[in-house]
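So you can see what is in the structure, the chains are spelled out below.
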Amino acid sequence: MSGCPFNHHPAEAPDGGTAKAGAPAVGPATAPGTPAPVAPDAGSANGGKRGLSRRGLFSLAGVGGAGAVAGLAAGYLSHDAVAAVAARAGTGSSVVPFYGERQAGIITPAQDRLHMAAFDVTVEDRAALIQLLKDWTAAAEAMTAGRTTGATGAVDGPYDAPPDDTGEALDLAAGKLTLTFGFGPGLFEKDGKPRFSLEGRRPDALIDLPHFPGDALEAARTGGDIVVQACADDPQVAVHAIRNLSRIGFGKVRVRWSQLGFGRTSSTSRAQTTARNLFGFKDGTANLKAEDPALLNEHVWATAGTRPGEAWMAGGSYLVSRRIRMHIEIWDRTSLREQQGLIGRTKGAGAPLSGGEENTAPDFGIKGRTGEPLIPIDSHVRLAHADQNNGVKMLRRGYNYTDGSDGLGHLDAGLFFIAFVKDPRTHYVPMQMAMAKRDKLALEYLKHTGSGLFAVPPGIKAGGFIGEGLFA
Amino acid sequence: MPGTPLPKMTLPKMTSRRRKSLALVAAAAAVPLVLTGCTDNTKTPGSSASAGPIQVTSNKTECKVSIGSVPSGNLSFAVKNEGTEITEFYLLAEDGLRIVGEVENIGPGLTRNLVVTAPAGKYTTACKPGMQGDGIRAALEVTDSGNKTGVDADFQKLVDTGVQQYTAYVRDQTEQLVTGTKAFADAYAAGDATKARELYAATRMHWERIEPVAESFGDLDPKLDAREADLEPGQEWTGWHRAEKDLFPPAGYTALTATERAKIATQLVSDTEELGKRTRTVVLPADKLGNGAKELLDEVARGKVTGEEEIWSHTDLWDFQANVDGARIAFENLKPALAQKDPALATSLDEKFAALQAELKKYAKGDGFAYYNELGPAEVQQLAALVDALGEPLSKLTSAVVL
């Protein structure tokens, strides 16, 4: 992330920018070599001239990291009057484009770190909600491009005001940050009454998840009106993003829960190797991949639905999050034979127990000496496999987590499961119900302690804002 | 060298099985016989850890064993299936009949390890591609490494005796469970809540002592022991915890009617009788005992030590004690055999069972225990620490006896 909110020339900060703490606030036009700044003035956040908001800046940087900037009306998005800034060039490799047909952070090759937060909206004013989404859009665009938030960033504001940006991502590259937004059932209805004039707009697929056997959900880790998934290769970049979005939202939203994750447990691209979960097994071998557009259309991307009121979700997806505590210590006392039997794969290579190598398709029919299948009936691989679930697949994007210890000397650790599906009614609930009932792994070694389901709208076009279609 | 910590203790974990090599076993040959009762020398100082196990490759027509002669002790085979069918590997005694060790169900392309303890003698190796016929056989000579195996001919007899004793214990507990359940059900159905509450935890102890066996009947377990959180939408809730909620009602709870109570009680008795019937024919090999003991401790660590099992009655300590009882009996039944194979593990388990039992005893009250919600955080932590201290070595019991 840039140390200077007003851009860095590639030659000046080839490796992601240099913080200039204490440097006087300078307008972008004064930054030598800054390509094509648009807004002439950098106003202070408190009463300066209203220039083009940085939050309102829709720069091509989001598309490719080049410095060219497309300006929009001044003050369009935010109370902050700010200067237009383009992202540094030279950060292209660590920048994932924010704008696009789909939201980033779904089929983007899974980054290594996660910070996810679910918010409750604490106001009932539709205009305030829309303004927040616009502010978030601008901040998200800036941060994913490796810039700071706010009019004056972390260090270039008035001496007697708290800085706009919290600053812990200064000097860090964009880190492939993606910010993915979704709406929970609570945004549409509260106590049975519609909110924000969204009558009829809640998609039918945005159900209230049923109670699954064994669920031990904690209210403080469950639900939420809006979710933000921040993924990055650097944990500090992801934390910075959620922290600044939370800050922008104070007074309108309140963090309901948040979760840090490390160690992606899924591969969403064939370019990635398969990572391991905390049970030590490769996870995500058979995941849907970005390279399979036809399968993504079939299983991940939502359609316009059957009612006009839900058509805004076309091209979006549904995000299921489940905080799955693993009984790590008990697992570690389990024999290798049982571990492999529970999973249905070998621990070393990740090959299905029916034979072959990691990517060999499992053969659920092949039987061993006792007439029992080599891949046990109650194994995780079998129960989760498309063949056992009416052919449905999902795009998983989970992360390992550990939240310290539980006070009994056991790790509070597990898998923060995230999946993107076309329709949770067909693509998540039946599978999870089967797993919760029959998967021995789930019964003896897992405990679901948090849950969320969110409608993830399609991508944002330059000039638009998150979930614009919902409010159209 | 009495009192020497025996390296065997670490063997069953098998995490370092790749290092448990021919070279190690060979190196052991040079080590004087110092560890009586110990057959494994993987931790012998100066031994090399670089070589791997005996390589076996199996395909449709061949069963290649990388070496024809090995020193006695723990032998580790890495069996790779290079064929297209499921294969198996056997280590047979000289007569070609008695199975010393086997690894079944190796899928095509997979490698599986077999670790066995083998005294000096002549052996036969066999791969069985397709799991058919006599297999492809070859001779394997195990030379005297100088280390006694430490296991005498009566070992199998000790195991068998232990298994018989435990099987009898399971039956006895089941019978007591059936009798106790009837008394509980009668009191509950009759609306004698005081008596039913008194009988609740004590009767459940018979269930908790044999929980892994009872749980092996996948249809009966949820009918008898499902907690409310375990239910799926629409599923009928029966069994002990249904009655528990009714007998120890949370605030705002609507009590069951007499008819509903009677129905729960009748079902509880009939499911328990069915359990008793099935338990009479259950077969419990030694590995089931060892794993069952471990699973009982897992039960404690997962649900009892957290107070989740008896969420309304708070009688978790009764269950806790019963799980520990069940685990201890299984261990004690296997102890004579274990003492031959791994006396240090036997001693360690003795100590840890005793420590946990002593801690549990602190909470004894009359015929029962304190309610779990009466314990403070430090007390729960201490119990949890002792459960972990016991659980870790207990998880090594099965492989120590079965290997």
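As shown above, the structure is provided for reference.
Parameters and conventions
Within each chain, residue numbers correspond to sequence positions counted from 1 in written order. Each chain gets a letter, beginning with A, and each ligand a number, beginning with 1, in the order they are written. Reporting of local features is limited, given that this is a predicted model, to residues whose pLDDT is at least 70; pairs of side-chain atoms are given and counted only at 80 or more, and all residues count toward the totals for whole chains, interfaces and linings. By convention in this description, side-chain values take in all heavy atoms of the structure and omit both hydrogens and water. Each helix is a run of DSSP H or I of at least 4 residues and each strand a run of E of at least 2, with the numbering of both proceeding from the N terminus. The cut-offs for exposure are 20% and 50% of the maximum accessible area for each residue type, with area from a 1.4 Å probe on protein chains only; residues under the lower value are buried, those over the upper are exposed, and the others partly exposed. In this description, contact between two residues means that some pair of their heavy atoms is separated by no more than 4.5 Å. For accessible areas, the Shrake-Rupley method is used with a probe of radius 1.4 Å. Any residue's cover is judged against the shown protein chains and nothing else. A 1.4 Å probe defines the accessible area here, and the buried area is the portion of it lost by two parts on being joined, summed over both. For this analysis, a salt bridge means a side-chain nitrogen from Lys or Arg found within 4 Å of a carboxyl oxygen belonging to Asp or Glu. As used in this structure description, the phrase polar contact means that two N or O atoms lie within 3.5 Å; if the pair is within protein, one of them must be able to donate a hydrogen and the other to accept it, and residues adjacent in sequence are counted only when both atoms belong to side chains. Asp, Glu, Lys and Arg are counted as charged, while Ala, Val, Leu, Ile, Met, Phe, Trp, Tyr, Cys and Pro are counted as nonpolar; the rest, among them Gly, fall into the polar class. Strand pairing requires that DSSP identify at least two bridges connecting the strands. A fitted line through C-alpha atoms represents every axis, and for helices the fit uses only the stretch in contact; the resulting angles, taken between N-to-C directions, go from 0 to 180 degrees. For this text, the term disulfide refers to a pair of cysteine sulfurs within 2.5 Å.

## Looking at the overall build of chain A
When you go through chain A residue by residue, the secondary structure sums to 12 helices and 15 strands. Going through the 472 residues of chain A one by one, you find that 60% of them count as buried. Sequence-distant contacts, at least 24 apart, represent 75% of the contacts inside chain A between residues at least 6 apart. As displayed, chain A offers around 16,900 Å² of accessible surface, 55% of which is attributable to carbon and sulfur atoms.

## Side note on the interface of chain A and chain B
On the chain B side, the residues contacting the 32 residues of chain A number 33 residues. In terms of surface lost to chain B, no three residues of chain A exceed Arg333, Arg369 and Leu408 of chain A, which account for 32% of the buried area on that side. Across the contact surface, chain A and chain B share seven salt bridges. Taking the shortest distance from any N to any O, the salt bridge between Glu104 of chain B and Arg369 of chain A comes out at 3.9 Å. Counting the contacts that link chain A with chain B gives 15 residue pairs in polar contact (both at pLDDT 80 or more). Elements represented by at least two residues in the side of chain A that touches chain B include exactly helix 7 (336-343), helix 10 (429-438) and helix 11 (440-445) of chain A. In terms of residue class, the side of chain A that touches chain B is built from 13 nonpolar, 12 polar and seven charged.

## Structural notes on the pattern of salt bridges
Within this structure, the stated rule accounts for 56 salt bridges over all chains. Between Arg425 of chain A and Asp423 of chain A there is a salt bridge whose closest N-O contact spans 2.7 Å. For Arg425 of chain A, a relative accessible area of 39% translates into the label partly exposed. A relative accessible area of 15% places Asp423 of chain A in the buried class. Of the charged contacts in the structure, one is a salt bridge between Glu299 of chain B and Lys304 of chain B, with a shortest N-O distance of 3.6 Å.

## Here we look at the pairing of strand 7 (residues 226-232) of chain A
Residues and elements named next belong to chain A. The buried fraction of strand 7 amounts to seven of the seven residues, a majority that puts the element mostly inside the structure. The side-chain alternation of strand 7 yields two buried faces, one formed by Ile226, Val228, Ala230 and Ala232 and the other by Val227, Gln229 and Cys231. As defined by bridge partners, strand 4 (residues 178-183) adjoins strand 7 across six bridges and the pair is classed as antiparallel. Pairing of Phe181 across the sheet is with Val228, part of strand 7.

## As for the sheet that holds strand 9 (residues 136-143) of chain B
All names here are of chain B. Within the open sheet, the five strands sit side by side as 3-9-8-5-6. Their pairing is mixed. The open sheet has two edge strands, strand 3 (69-71) and strand 6 (99-106), and neither has a second partner. Between one strand axis and the next, the sheet turns by 20 degrees as a mean value, whatever way the strands run. Inspection of the sheet shows strand 3 paired to strand 9 by three bridges, in the parallel sense. Residue pairing in the sheet places Val70 in a bridge with Val142 of strand 9.

## Re the state of the cysteines
All names here are of chain B. Under the definition given, this model contains one disulfide over all chains. One disulfide in the model links Cys63 with Cys127; its S-S distance is 1.9 Å. An S-S torsion of about 55 degrees defines the bridge between Cys63 and Cys127 as right-handed. Placement of the pair is Cys63 in strand 2 (residues 63-65) and Cys127 in strand 8 (residues 121-127), with a sequence separation of 64 residues.

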